[in-house]
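A look at the structure
This is what each chain is made of:
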Amino acid sequence: MSLLEILRFAGRGVAANKLRSALTMLGILIGVAAVILLVAVGNGSAQAVSRSIEALGTNTITVSSTARAGAASSPLTVDIAQSLQDPALAPDVRAVSPVVSSAPTITHAGTEHPVAQFLGTHPTYFGSSNSPLAAGATFTDQDVAQGRRVVVLGRTVATELFADTDPIGQQVTVGGALFTVVGVLAEKSSSSGFSDPDDLAVAPLTAVQQALTGYGPVNSILVEATGPDRVNAAQQQVTQILNQRLKLPAGAAATGRGGGGGAGAAPYRIQNAAQLLATRTETAQTFTVLLGTVAGISLLVGGIGITNIMLVTVTERTREIGIRKALGAPRRTILTQFLAEATMLSVLGGGLGVAAALIGSRFTIVGVQPVIVPSSVALALGVSVAIGLFFGSVPASRAAGLRPIDALRYE
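Quick caveat, the model's predicted, so the values are computed rather than measured. (Residues numbered from 1 in each chain as written. Predicted model: local features only at pLDDT ≥ 70, side-chain atom pairs only at ≥ 80, totals over all residues. Heavy atoms only, no water.)

Topic: the environment of glutamine 237
Within the element layout of this structure, glutamine 237 appears in helix H8 (residues 231-245). By relative accessible area, which is 14% here, glutamine 237 ends up buried. Through-space distance from the C-alpha of glutamine 237 to that of valine 93 is 8.4 Å; in sequence the pair is 144 residues apart. When near neighbours in sequence (up to four residues on either side) are disregarded, glutamine 237 contacts Leu89, Ala90, Pro91, Asp92 and Val93. (Helix = DSSP H or I, 4+ residues; strand = E, 2+ residues; numbered from the N terminus. Buried < 20%, exposed > 50% of the residue type's maximum accessible area, 1.4 Å probe, protein only. Contact = heavy atoms within 4.5 Å.)

Details of the side chain of serine 129
With respect to the secondary-structure elements, serine 129 resides in the loop between helix H4 (124-128) and strand S6 (133-136). There is a polar contact of 2.7 Å between the side chain of serine 129 and the backbone oxygen of tyrosine 125. Of note is the side chain of serine 129, whose polar atom sits 2.8 Å from the side chain of serine 131. (Polar contact = N/O pair within 3.5 Å; in protein donor to acceptor, adjacent residues only side chain to side chain.)

Section: the pattern of salt bridges
One side chain can pair with another of opposite charge once the charged atoms of both are near each other. As enumerated under the stated definition, the model contains three salt bridges in all. Taking the shortest distance from any N to any O, the salt bridge between arginine 230 and aspartate 92 comes out at 3.1 Å. Of this pair, arginine 230 sits in the loop between strand S11 (220-225) and H8 while aspartate 92 sits in the loop between helix H3 (78-83) and strand S2 (93-102); the two residues are 138 residues apart in sequence, bridging distant segments of the chain. Here aspartate 92 falls in the buried class, since its relative accessible area comes to 11%. The salt bridge partner of arginine 94 is glutamate 224, with a shortest N-O separation of 3.3 Å. Remark: glutamate 224 occurs in strand S11 and arginine 94 occurs in strand S2; sequence separation between them is 130 residues. (Salt bridge = Lys/Arg side-chain N within 4 Å of Asp/Glu carboxyl O.)

Examining the packing of aromatic side chains
What characterises a pair of aromatic rings is the spacing of the ring centres plus the angle enclosed by the ring planes. Under the criterion given, the structure shown has three aromatic pairs. Where tyrosine 125 meets phenylalanine 126, the ring centres are 6.2 Å apart and the plane angle is 80 degrees; that geometry is what we call edge-to-face. Relative to phenylalanine 139, the ring of phenylalanine 126 lies with its centre 5.3 Å away and its plane at 65 degrees, an arrangement referred to as edge-to-face. Separated by 13 residues along the polypeptide, phenylalanine 126 in helix H4 and phenylalanine 139 in the loop between S6 and helix H5 (141-146) bring together distant segments of the chain. Taken as a pair, phenylalanine 126 and phenylalanine 139 share a single burial class, namely buried. (Phe/Tyr/Trp six-rings, centres within 6.5 Å; stacked < 30°, edge-to-face > 60°.)

As for the environment of threonine 239
For threonine 239, the location among the structural elements is in helix H8. For threonine 239, a relative accessible area of 19% gives the class buried. Along the chain, threonine 239 and arginine 269 lie 30 residues apart, while their C-alpha atoms are 9.5 Å from each other. The residues touching threonine 239, leaving out its near neighbours within four places in the chain, are Tyr268 and Ile270.

Here we look at unusual backbone geometry
A positive phi angle, near 50 degrees, is found at alanine 109, a position not held by glycine. Tracing the backbone shows alanine 109 in the loop between strand S3 (105-108) and strand S4 (111-114). Residue alanine 109 is classed as exposed on the basis of its relative accessible area of 72%. The phi torsion at alanine 163 lies on the positive side, around 50 degrees, for a residue other than glycine. Locating alanine 163 in the fold gives a position in the loop between helix H6 (155-162) and strand S8 (171-174).

Structural notes on helix H7 (residues 205-213)
When H7 is considered as a whole, its buried residues turn out to be Leu205, Ala207, Val208 and Gln209. Looking at the buried side of H7, the elements it contacts are H3, S2, strand S5 (117-121), H5, strand S9 (177-185) and strand S10 (200-204). One or two positions beyond H7, positive phi appears at glycine 214, with a value near 85 degrees.

Structural notes on the pairing of S10
Across the five residues that make up S10, a large majority, five, are buried. As paired elements, S5 and S10 share five bridges and run parallel to each other. For leucine 119, the partnering residue across the bridge sits in S10 and is valine 202. The pairing of strand S7 (residues 150-153) with S10 spans two bridges and is antiparallel. Following the sheet pairing, valine 152 is matched in S10 by valine 202. (Pairing = 2+ DSSP bridges.)

Points about the confidence of the model for the protein
Chain-level pLDDT for the protein is 80 on average; 82% of the residues reach the 70-or-more range. Mean pLDDT values for the elements of the protein range from 55 in strand S12 (residues 253-255) up to 96 in S7. In the model, residues 257-263 has pLDDT below 50 throughout and makes seven contacts with residues more than four positions away in sequence or in other chains. (pLDDT = per-residue confidence, 0-100.)

Observations concerning the packing of helix H11 (residues 331-360) against helix H12 (residues 374-400)
Axis separation between H11 and H12 bottoms out at 7 Å; the angle between their running directions is 150 degrees. Looking at the two axes, H11 sits roughly antiparallel to H12. The hand of the H11/H12 crossing is right-handed. Along its contact with H11, which presents Arg331, Ile334, Leu335, Phe338, Leu339, Ala342, Thr343, Ser346, Val347, Gly350, Gly351 and Val354, the element H12 presents Val377, Leu381, Ser384, Val385, Gly388, Leu389, Gly392, Ser393, Ala396, Ser397, Ala399 and Ala400. Considering only residue class, the contact of H11 with H12 consists of 14 nonpolar, nine polar and one charged. (Axes fitted to C-alpha atoms, helices over the stretch in contact; angles between N-to-C directions. Parallel < 35°, antiparallel > 145°, perpendicular 65-115°, else oblique. Left-handed = near helix turned anticlockwise from the far one by under 90°. Nonpolar A, V, L, I, M, F, W, Y, C, P; charged D, E, K, R; others polar.)

Written out as structure tokens, the structure reads:
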């Protein structure tokens, strides 16, 4: 019997009981769609995290205090920040921006908006943090020196306060002080799904200290390396300068997680954007593998369903098998036919599962836009075919092993 005839008989067997075949394919469909979609969600989450970190600049280093509430105040000051930009001691540092932060309510013409971050810093912050302008201009070093109350708004703040009005030149009230809007930042991608990167305002450091935070330590220091390949070198140089300025013992080590404490721990932490990106990416990949593994269980369940359905099919068609074997059909023909039926069910179910996954990827799932991984589609289809062959082999072997006389006498 030719392969075409075997496939034709297999097709007839699948179509003989449409409801049963449909339910079997549904199990495979759900399994394949689940694998592809969950891997797509993990991949989309990984890309979202990468974009959000890269938006900050992969050649940046953030130095922040590890002092807990009620403990000693932050050891970071403007003077210490300025000492980090030393061509001799830190040749791989391009720019340094001390940062103070607050979360006040900004008011304009009766409209209020509680801003997530109101930052006081230097003009170098915009380049280091990859924060380009959409309109207006940034403040200058002279604005910082003279404490001018000017502010650059994020897109969300500008939209909330001014709607369709041009905010440039308008005045806003922050903590009882008037600030003049000089610029609006370009919109950043809100890819993380958890926070709005455009809900911020940036003003000269001295103006924010005078109006909001007071002239004390800074919250953090943003350091820009001369290039992505010089970040580690810049971090070592910054650590050495900080330990010298803070008079720390030679064995003191900064932490990258903000835990603080410990006899040998420095009272600050350094976060390397490139290292953070690598860590987050590795975590997202592990999460993706976990999701794919969990979804793979549904494919296994679908395979068990194929076994059960094919065993029922063999039982129902026992007399047919006996007649065919009595007429001279060899064992391999019967075996191939039932394997073909099982594989056909899994291939059809897998194809429908791919279609369902492609449609589902057009929608946002748990706040993440899925990104289909082509290899997951090929893998899911391959596994569905393998499941058809593997789980169909038991009932196919049972059918092929029936003796003609026993099959013909079966009621």
